[in-house]
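Per-entry structural report
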Amino acid sequence: PAATQSWSRVFDVGTGTTANMFLTPRAGVTGTPVRFAITTTGGGGEQQINGTGPLPVNTWTHVAVTKSGTTGVLWLNGVPVGTNTNVTLSPSSMGNTNNNWIGRSQYGDPLLDGSVDNFHIFSNALTEEQIQSLMTSPGGDTGGGNVVSYRFDEDGGNTVVDSSGNGRDGTVEPPLVGE
């Protein structure tokens, strides 16, 4: 992030404010932590993994979230910073999603004022070694996400190519009027 903003999103995937999963660099007021959350029943039903503080401003930070069984772990720069052993929801719990955004919230929160270099979704939890490999080399020894893999290395245009081979290309959209 390039600015201190509460509730902006690195990503927000779902069908609206009832069923979604998101990562925010700052969950609330100053000093509140980076947070991953997933819900199928709205904000009151969120299963959260909180870090120890907000993402630093004007600093590249590698962020990963893994889930194995019911244990979710939030990683910053290859180090676990938050754990929740009762994450019973998975992305598949949301069903088919139609609002799949990077840098935008489904709740009308501020757009992300920052940059995203790579975005991957895997069908399995990565190991610590695999996460650290992704930090040092895009795709690392995993080859990139096998569900979706955006490297944001296109030469122009508004299409972001999905390198996973699943054809889930994305579209870069300008901010909505008034945002």
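Note: the structure precedes this text.
Residues numbered from 1 in each chain as written. Predicted model: local features only at pLDDT ≥ 70, side-chain atom pairs only at ≥ 80, totals over all residues. Heavy atoms only, no water.

Considering helix H1 (residues 128-136)
Within H1, burial applies to Ile 131, Ser 133 and Leu 134. For H1, the angular spread of buried residues about the axis comes to 160 degrees, placing them on one side. Across from the buried face of H1, at angles greater than 90 degrees, the exposed residues are Glu 129 and Thr 136. (Buried < 20%, exposed > 50% of the residue type's maximum accessible area, 1.4 Å probe, protein only. Helix = DSSP H or I, 4+ residues; strand = E, 2+ residues; numbered from the N terminus. Arc of directions from axis to C-beta.)

Points about the nonpolar core
The biggest cluster of nonpolar side chains holds 20 residues, and the ones touching the most others in it are Phe 11, Met 21, Leu 23, Val 34, Phe 36 and Ile 38. Listed by contribution, the elements that provide at least two residues to this core are strand S1 (11-14), strand S2 (20-24), strand S3 (35-39), strand S6 (71-76) and strand S10 (148-150). Those residues in contact with Leu 23 that sit more than four places away from it in its chain are Ser 8, Arg 9, Val 10, Phe 11, Val 34, Arg 35, Phe 36, Val 63 and Leu 74. Counting seven residues, the second largest nonpolar core, distinct from the first, contains Val 73, Trp 75, Leu 126 and Ile 131. (Core = buried A, V, L, I, M, F, W, Y, C linked by side-chain atoms within 4.5 Å. Contact = heavy atoms within 4.5 Å.)

Let's talk about the sheet that holds strand S8 (residues 99-102)
Spatially, S4-S3-S2-S1-S8 is the arrangement adopted by the five strands of the open sheet, whose pairing is antiparallel. Because the sheet does not close on itself, it has two edges, and the strands there are strand S4 (47-50) and S8. Looking at each pair of strands side by side, their axes are set apart by 5 degrees on average, direction ignored. Here S1 pairs with S2 via four bridges, running antiparallel. Directly across from Phe 11, in S2, lies its bridge partner Leu 23. (Pairing = 2+ DSSP bridges. Axes fitted to C-alpha atoms, helices over the stretch in contact; angles between N-to-C directions.)

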